[in-house]
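Take a look at the letters that make up each chain.
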Amino acid sequence: MNVTVRWAPSPTGRIHLGNARPALLNYFFARRHGGRYVLRMDDTDLARSTRAFADGIEEDLAWLGVVPDLLVRQSERTDLYDAARDRLIASGRLYPCYETEEELDRKRARARLLGKPPIYDRAALDLTAEDKTRLEAEGRRPHWRFRLDGLAVQFDDLIKGKQTVNTNAMSDPVLIRADGSYLYTLPSVVDDIELGITHVIRGEDHVSNTGTQVEIFEALGSAAPIFGHHNLLADAQGQGFSKRLGSQSIADFRHDGYEPLAVAIVATLTGTSLSVEPYESLEAIAEKLDLSMISHGAARFDPAELNGLNARLLHNMSYEQAAPRLSALGLEGEATWLLLRENLVKFPDIVEWSKLVTGPVEPVIAAEDREFLALARALLPPEPWDDTIWSQWTEALKAATGRKGKALYLPLRLALTGRHDGPELRSLLVLLGRKVCLDRLS
Ligand code: GLU
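Residues numbered from 1 in each chain as written. Predicted model: local features only at pLDDT ≥ 70, side-chain atom pairs only at ≥ 80, totals over all residues. Heavy atoms only, no water.

Student: Please clarify how the overall build of the chain should be interpreted in this entry.
Tutor: When you go through the chain residue by residue, the secondary structure sums to 19 helices and 12 strands. Here the chain has a C-alpha radius of gyration of 31 Å; the compact-globule value for 442 residues is 22 Å, and the former is much larger. Summarising its shape, the C-alpha atoms of the chain cover approximately 110 × 45 × 35 Å along the three principal directions. The proportion of buried residues among the 442 residues of the chain is 46%. For the chain, the share of sequence-separated contacts (at least 6 apart) that also reach a separation of at least 24 residues comes to 74%. Positive and negative charge centroids in the chain, built from 53 and 63 side chains respectively, lie 3 Å apart. (Helix = DSSP H or I, 4+ residues; strand = E, 2+ residues; numbered from the N terminus. Rg over C-alpha atoms; globule rule 2.2 N^0.38 Å. Buried < 20%, exposed > 50% of the residue type's maximum accessible area, 1.4 Å probe, protein only. Contact = heavy atoms within 4.5 Å. Lys, Arg positive; Asp, Glu negative; His and termini not counted. Charge placed at Lys NZ, Arg CZ, Asp CG, Glu CD.)

What follows is the structure, given as structure tokens:
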């Protein structure tokens, strides 16, 4: 199958987890089918789109592990939209309307009073050439609506199955504003045609747009692509993520030290029949995840699940993978990494944990353990040390004091590390060496 997909964010803010979902679902689909991935910046809204946001989106996408095969910006493709506009005008599908916002409000209020749906009444279709000339002479500039067929548009959704959108229950959509700028609907269709998009995978908030857009594809003489509308990811409170409401962005997760793969897995596998668990790579997820596995119900982000997954990815990370990142933090040593990785939730946690090895550590020594620790010092075997030192030492201590379990181990841990939890003492001991251990036990 020849596949080209696109992810089409509007660069009006940095992307969040909810945006990462279609970004990655499209990528998985492309990988699964050996297809192409287009990044399309929907930046026709000049007032709200910025180049800085667009660059930020590219950066966030790259951090997640996706490099698009092609990047296009709608702001650079106006000629294509103008050509489509002219064709739709010529075929009578695009018509000028002169109502002001207030007039439209009044029409809607009147319809509601009469118990009718507030659908645009198409009064503009009855305007004569003279009417239009007069309105233009008054200084009015038209906005342009697409005349819907009013058919039941049916399509087989890759995720939701058979869908029907009744366009006769909808107002003819405005495709062009009075200032001549394009709304999202038409440029999206023109680009999907022009770029040979075969599959449109996007949020289910677009299902009714699809009804409109299928009619526009037909009006432009093109077959519509195949659609897949996925459930939207809600935040921990069950609200939609928003670029404006200060939802945690992908850039925030990066700055907080999360693994891109953990963020990608949570963004896509939440609300599917696959469980949120470690994968080796995006490719490995692409192999497993079929769009039909996306559930029809809601998908809710669970921050605890992200932390747990992030930790699991780190606990399995090899030293080869970790080494460049360790050295960026001024750290090194395979033994230290293998000892400490078990304790990490996020990679940068390693900085704090490594202080257990490099020191200084404030040993915690309870008054009632003084004597026990003095004995522990005395029984600490001479070097050279290997992995068996811990057992030798604690067996000797057990025999000498009769202590076991927590009473035996916790005072040692508190003295050697200054804390109740942490890495395995067996390996830590060897890393520290005899002299440091003696110091901390005093
Ligand atoms: N810019 C649109 C959005 O972010 C794209 C929707 C689509 O994929 O067609 O919602």
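Student: Can you walk me through helix 19 (residues 434-441) in this structure?
Tutor: Residue pairs three or four apart in sequence face the same way in an α-helix, which turns once every 3.6 residues. Cys437, Arg440 and Leu441 are the residues of helix 19 that are buried. In an axial view of helix 19, the angular spread of the buried residues amounts to 95 degrees, which keeps them on one side of the axis. At its buried positions, helix 19 is contacted by helix 14 (349-358), helix 15 (370-379), helix 16 (389-401), helix 17 (405-417) and helix 18 (425-432). (Arc of directions from axis to C-beta.)

Student: What am I meant to see in the side chain of Ser49 here?
Tutor: Examined against the element boundaries, Ser49 turns out to sit in the loop between strand 2 (36-41) and helix 2 (51-64). Accessibility expressed as a relative area gives 13% for Ser49, which makes it buried. A distance of 2.9 Å separates a polar atom in the side chain of Ser49 from the backbone oxygen of Asp45. Those residues within four positions of Ser49 in sequence are excluded, and the remaining contacts are Pro11, Thr12, Asp42 and Asp43. (Polar contact = N/O pair within 3.5 Å; in protein donor to acceptor, adjacent residues only side chain to side chain.)

Student: Would you mind showing me how to read the site of the ligand here?
Tutor: In the neighbourhood of the ligand, the contacting residues comprise Arg6, Ala8, Ser10, Asp42, Tyr184, Ser188, Arg202 and His206. The contact in question runs from a nitrogen atom of the ligand to an N or O atom on the backbone of Ala8, over 2.8 Å. Within the side chain of Tyr184, an N or O atom sits 2.6 Å from an oxygen atom of the ligand. Relative to its unbound accessible area of 300 Å², the ligand is 79% covered by the protein chains. Here the residues of the shell around the ligand are counted per class, giving 2 nonpolar, 3 polar and 3 charged. (Near = heavy atom within 4 Å. Areas by Shrake-Rupley, 256 points an atom, 1.4 Å probe, with all protein chains shown as cover. Nonpolar A, V, L, I, M, F, W, Y, C, P; charged D, E, K, R; others polar.)

Student: Can you walk me through the sheet that holds strand 5 (residues 143-146) in this structure?
Tutor: Two modes of strand pairing occur in sheets, parallel and antiparallel, and in both the strands are linked by backbone hydrogen bonds. Read from one edge of the open sheet, 3 strands run 4-5-8, paired in antiparallel fashion. The sheet is open, and its two edges are formed by strand 4 (94-97) and strand 8 (174-176), each paired on a single side. Each strand axis lies, on average, 45 degrees off the axis of its neighbour in the sheet, ignoring direction. Pairing of strand 5 with strand 8, which is carried by 2 bridges, proceeds in the antiparallel orientation. By the bridge assignment, Arg145 is partnered in strand 8 with Val174. (Pairing = 2+ DSSP bridges. Axes fitted to C-alpha atoms, helices over the stretch in contact; angles between N-to-C directions.)

Student: Looking at this model, I keep getting lost on the packing of aromatic side chains. Mind explaining?
Tutor: Two aromatic rings are characterised by how far apart their centres lie and by the angle between their planes. Tallying each qualifying case throughout the model produces 9 aromatic pairs. Look at Tyr81 and Tyr182: their rings are 5.8 Å apart centre to centre, the planes differ by 70 degrees, and that puts the pair in the edge-to-face class. One end of the pair, Tyr81, is in helix 3 (residues 78-90); the other, Tyr182, is in the loop between strand 8 and helix 6 (185-194), and 101 residues separate them in sequence. In terms of burial, Tyr81 and Tyr182 fall into one category: buried. Aromatic pair Phe253 and Tyr258: ring centres 5.5 Å apart, planes at 80 degrees, arrangement edge-to-face. Among the residues examined, Tyr258 registers a relative accessible area of 10% and is labelled buried. The aromatic ring of Phe372 is capped on one face by Arg403, whose charged end is 4.2 Å from the ring centroid. (Phe/Tyr/Trp six-rings, centres within 6.5 Å; stacked < 30°, edge-to-face > 60°. Lys NZ or Arg CZ within 6 Å of the ring centre and 35° of its normal.)

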